[in-house]
Every structure is written in structure tokens, then in C-alpha cells.
Amino acid sequence: MMRMIPMADTAPPRPLSLPDHVRIDSDSTVLATIDQPQVTLAVWERPSPLPAPALTDFPTIRFAANTQGVAAKVRDALAGLSPEPWHEMLATDVARLAMLYATWTGEERVEVRIERVTGNGCWKFHADYVGLRLITTYCGQATQWLPQDAPDETAPRALAAGDVGLFKGRERAGDRAIIHRSPPIAGTGEDRLLLVIDAPWPEADA
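Because the structure is predicted, anything quoted here is derived from the model rather than measured.

Reading guide: rules and limits
- Residues numbered from 1 in each chain as written.
- Predicted model: local features only at pLDDT ≥ 70, side-chain atom pairs only at ≥ 80, totals over all residues.
- Heavy atoms only, no water.
- Salt bridge = Lys/Arg side-chain N within 4 Å of Asp/Glu carboxyl O.
- Helix = DSSP H or I, 4+ residues; strand = E, 2+ residues; numbered from the N terminus.
- Buried < 20%, exposed > 50% of the residue type's maximum accessible area, 1.4 Å probe, protein only.
- Expected span 1.5 Å × (residues − 1).
- Contact = heavy atoms within 4.5 Å.
- Pairing = 2+ DSSP bridges.
- Axes fitted to C-alpha atoms, helices over the stretch in contact; angles between N-to-C directions.
- Phe/Tyr/Trp six-rings, centres within 6.5 Å; stacked < 30°, edge-to-face > 60°.
- Lys NZ or Arg CZ within 6 Å of the ring centre and 35° of its normal.
- Core = buried A, V, L, I, M, F, W, Y, C linked by side-chain atoms within 4.5 Å.

(A) Summary view of the pattern of salt bridges. With the rule as written, the count across this model stands at nine salt bridges. Here arginine 133 and aspartate 198 are joined by a salt bridge, their closest N and O atoms 2.8 Å apart. Residue arginine 133 is located in strand β6 (residues 132-139), and its partner aspartate 198 is located in strand β11 (residues 192-198); the two are separated by 65 residues in the primary sequence. Each member of the pair arginine 133 and aspartate 198 is classed as buried.

(B) Spatial organisation of helix α2 (residues 85-105). Over its 21 residues, α2 runs 31 Å from end to end, which matches the ideal 30 Å to within 8%, given 1.5 Å per residue. By the burial criterion, the buried members of α2 are Trp86, His87, Leu90, Ala91, Asp93, Val94, Ala95, Leu97, Ala98, Leu100, Tyr101 and Ala102. Glycine 106 sits one or two residues past α2 and shows a positive phi near 75°.

(C) Inspection of the environment of leucine 100 at higher detail. Inspection of the secondary structure assignment puts leucine 100 in helix α2. Here the alpha-carbon distance between leucine 100 and leucine 31, two residues 69 residues apart in the chain, equals 8.5 Å. If we ignore the near neighbours within four places in the chain, the residues touching leucine 100 are Leu31 and Trp44.

(D) Up close: the sheet that holds strand β5 (residues 109-117). One open sheet holds the seven strands; their spatial order is β2-β3-β9-β6-β11-β5-β4, and the pairing between them is mixed. Looking along the sheet, the strands with just one partner apiece sit at the ends: β2 (22-25) and β4 (61-66). The mean inter-strand angle of the sheet, taken between neighbouring strand axes irrespective of direction, is 15°. Alignment of β6 against β11, held across five bridges, turns out to be antiparallel. In the strand pairing of β11, leucine 134 is matched with isoleucine 197. Each of β4 and β5 is contacted by helix α1 (residues 70-78), which is oriented at about 150° to β4, the strand it contacts most. Contacts from α2 reach β3 (41-44), β5, β6, β9 (164-168) and β11, with the element oriented near 160° to β6.

(E) Structural detail: the packing of aromatic side chains. Inspection of every chain in the model, using the stated rule, returns one aromatic pair. Taken together, a centroid distance of 6.0 Å and an interplanar angle of 25° make the contact between phenylalanine 58 and tryptophan 86 stacked. Here phenylalanine 58 is found in the loop between β3 and β4, whereas its partner tryptophan 86 is found in helix α2, with 28 residues between them in sequence. Take phenylalanine 58 and tryptophan 86: they sit in the same class, and that class is buried. Positioned above the aromatic ring of tryptophan 44 is the side chain of arginine 46, whose terminal nitrogen or guanidinium carbon lies 5.2 Å from the ring centre.

(F) Inspection of the nonpolar core at higher detail. With 37 residues, the main nonpolar core has Leu90 and Ile114 as its most contacted residues. Counting only elements with at least two residues in this core, the list comes to β3, β4, α1, α2, β5, β6, β9 and β11. If one sorts the elements of this core by residue count, α2 sits on top with nine residues. Contacts of leucine 90, omitting those with residues within four sequence positions, involve Leu50, Phe58, Val74, Leu78, Ile114 and Tyr138. Grouped together as the second largest cluster of nonpolar side chains are 13 residues, Val22, Ile135, Ala142 and Trp145 included.

Have a look at this one:
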């Protein structure tokens, strides 16, 4: 669920009102609000569908595929690992989210990236040069974001593990694209299992 990043303060965090460019709900239909011109982040709050998996040997998985073939691609990528019940859960969920992503973009093919993250990743706040990006963190700390025009001292807000976010990038929102970053975890020993779904990159000219 949305929350403030823990600060050095013993007082409990105060409830936060949402900025008008963000929509968050426990119903997946909230993702449809990303089509509203003013909305740059739509978040479906949900528990992670995976247990806390051991990720030591988890490979980086990246491919482009028709949405109907996503589950099979994930299964193939995991075939070299010792079988775990959560592998099928992951394949099924990634395929489901690819279909949801296709609903809001009209894309028949998607670019999928699943990776274990142990460092800081994209730790600087930024906006992506994409139209629309789906991000979920299956385990570990999830993506942090800032309200538009937030002062430098503003504490970031964050998704929780399992939440599904549709992040509107510069191709669709220009200077209003949602500002976000990966949580800085280098040196903490933490693991994150991250899924990113994009529209596929255009083929290079022959």
C-alpha cells in the first residue's frame, strides 16, 4: 500500500492525501484511469502473489512477445532452475499483467523484463522516455514516486510489494510525466524481484 518512506521519527506517519494526478485503489479497474489526461500514475493495490522466494540463482529475463505467448516465455526462461511452485505463479501473473497492459496501450506485443535487483538501480528521481510503463515489485522495497512540482525536501512516497503501477512517461505526458526512482538498497543485503512491461522498441530500419 502507499506509504511514506520511514524517516528518523518516532511519530506514526500521518495519512496522506493523493495529488490529483495519482489514482490508487484495491480494484484493478483503477488502472483504466491512466487514460485520463491529468492522471500520470495509476496504482492497483494488491498483495504480492508470490511467497518470499530465494532469488540467489534468479536470471535476468528479457524478451518481446505477443501477449498470448508471455507465460510460455517466462516458463522457458526459468526452465534451467530447480523447479519451485512460485515459478508457475510468476509466469501466470506476468501474463495476466501483460494482458492488462495491452488493454490500455492497444499493443499486441510487449517488452518484458524480470530481474533480481540487489543494488540501487535507477536511484535518481526521473521520468521515463516511454508512453506507458507497468511496474510491479514482487518482493522487497517497491518503486518510489514524487508528486508533481514537489519541493526538493519532499519525502518520497512508495508502492508496496505486489502493487501494480502504470507510470505515464514523457511520450504521453511531456513535462508532466510521473517522477519516480528505484529504492536505494545497495549495501543492505536486500533483494527485490522487479517486473517491468513496456511497448516493444521499434525495429531498426533495414
